[in-house]
Number of protein chains: 2
Amino acid sequence: MNLLLLQSSQINGNQATVSGRQLAHLNSVHQADPGSSVRVGEINGLMGTGIVQSINSEFAVLDIELDTPPPPPLPLTLILAMPRPKMLRRTLQSISSLGVKQIYLINSARVEKSFWQTPFLSDEALHNELVLGLEQARDTVMPIVYQRKLFKPFVEDELSDIISDSQAFVAHPSGTEHCPIDIKTPSTLVIGPEGGFVPYEIEKLAQVGVMAVTIGPRILRVETAVPTLISRLFPG
Amino acid sequence: MNLLLLQSSQINGNQATVSGRQLAHLNSVHQADPGSSVRVGEINGLMGTGIVQSINSEFAVLDIELDTPPPPPLPLTLILAMPRPKMLRRTLQSISSLGVKQIYLINSARVEKSFWQTPFLSDEALHNELVLGLEQARDTVMPIVYQRKLFKPFVEDELSDIISDSQAFVAHPSGTEHCPIDIKTPSTLVIGPEGGFVPYEIEKLAQVGVMAVTIGPRILRVETAVPTLISRLFPG
């Protein structure tokens, strides 16, 4: 936790109240005492400094000053075939830490139906993972996660609008073009499931303008592929 | 497992015997029968095709033909402050899948002493994680992992030799230069612990020619930072 990310409900004027996970972190990792200084931010707001006024095992009160804008978001929409639940959690944290703000989780022939049953897809669970990513990276802007459990209607009815005004790529071994480097323009990146999209899905994506691109002969797990592809498009 | 990676002890002429984890995978994921074809490779050797001759709950026998070289390795030496054990395992898999062949795990002021006690540092455990990464990526060349539990002697006595003939970078917020993109030359990349290297360590690294570079304001966990930095240096 490199930033204590506060919800507006925790803030009252220039003071913030901290409990639960964040308090435990202040106590155990920061070993915060009255007077300790920690980096704080408000969800979807500014970042700054918090000075601990009081702290005990129930809650802490901080005097906060918020004056710094968060880092710029990536101009990237990420469309991800729904990963295996245990991989979903850390992949969402990683995506959130990298500065992606629009995330679509979509179905695909090789996504197991059971993946959609995971409790990690609840609004609260998603929020918690995304907050962990923002606290890691020192960012305040919450990503938005959309869930689309039907591949064909998503591609036919929504995807054209999503990728308008952007370049759109799907990482796939059949890609004949190399994935571009340092693209600098708004982009949409589609990443398939374990085992990859089936040919029909690649065709459907191509029909609406999503180009299949390769990053070489190595097949990467989604948690490695996501930062690899994002860093390639936007090395920053 | 996108490649069944065989040890030489499993191979006898044009036949290979498979048991244990790999057999379980053949049975459960590939649902292999006699006649089924799977991609195979020999550790530090060629890749090719295996045809299942017989398979039961104890072992499988495959006819193999090995004729394809593995993908080229990255010209990169990775020096990583010893991560938290549970992160070590998946980071090693990820590093192995990305094609890195020289890995140093080093100590640092912010590495907790207990990290070095983990059973995941045994030769067998390291081998297993690295094999999983190679099987994921379809590669055969085993990375070598060196463990260096003293920072100062490592930097003073070994690092100069390691980085000779390469450009050497340490990712650190104090870096004034941006980490280069698509470098195309042999490189050494140093990645710090959670919380970063302390200033003394950055100074020691600078003294032997390791340049501090930044990748922007976001602080990434090691499992995200590794593919982000590698992809930036070697987008391929």
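Further up the page is the structure itself.
Now for a look at the structure at hand. (Residues numbered from 1 in each chain as written. Chains lettered and ligands numbered in written order. Predicted model: local features only at pLDDT ≥ 70, side-chain atom pairs only at ≥ 80, totals over all residues. Heavy atoms only, no water.)

## Quick look at the relation of the copies chain B and chain A
Expressed as a screw transformation, the operator carrying chain B onto chain A has a rotation angle of 180° and an axial translation of 0.0 Å, and the superposed copies differ by an RMSD of 0.0 Å. Overall, the copies show the geometry of a two-fold rotation axis. (Least-squares fit on C-alpha atoms with pLDDT ≥ 70 in both.)

## Let's talk about the sheet that holds strand β13 (residues 211-214) of chain B
Residues and elements named next belong to chain B. Strand order across the open sheet formed by seven strands is β9-β8-β7-β12-β10-β13-β11, with parallel pairing between neighbours. Sheet topology places β9 (144-148) and β11 (177-178) at the edges, where each strand pairs with a single neighbour. Here strand β8 (residues 102-106) runs beside β9; their pairing, made up of five bridges, is parallel. Across the sheet, residue Ile103 finds its bridge partner in β9, namely Val145. Set on the sheet, helix α6 (residues 222-233) makes contact with β7 (76-81), β10 (167-171), β11 and β12 (187-191); between it and β12 the angle comes to about 160°. (Pairing = 2+ DSSP bridges. Helix = DSSP H or I, 4+ residues; strand = E, 2+ residues; numbered from the N terminus. Contact = heavy atoms within 4.5 Å. Axes fitted to C-alpha atoms, helices over the stretch in contact; angles between N-to-C directions.)

## A few points about the packing of aromatic side chains
Going through the model one piece at a time under the given rule, you end up with six aromatic pairs over all chains. Look at A:Phe151 and A:Phe197: their rings are 6.1 Å apart centre to centre, the planes differ by 50°, and that puts the pair in the tilted class. Linking A:Phe151 in helix α4 (residues 151-163) with A:Phe197 in the loop between β12 (187-191) and α5 (199-207), this pair joins segments that are 46 residues apart in sequence. For the pair formed by A:Phe151 and A:Phe197, the shared burial category is buried. Aromatic side chains B:Tyr104 and B:Tyr146 sit 4.5 Å apart centroid to centroid with 20° between the ring planes, which places their arrangement in the stacked category. (Phe/Tyr/Trp six-rings, centres within 6.5 Å; stacked < 30°, edge-to-face > 60°. Buried < 20%, exposed > 50% of the residue type's maximum accessible area, 1.4 Å probe, protein only.)

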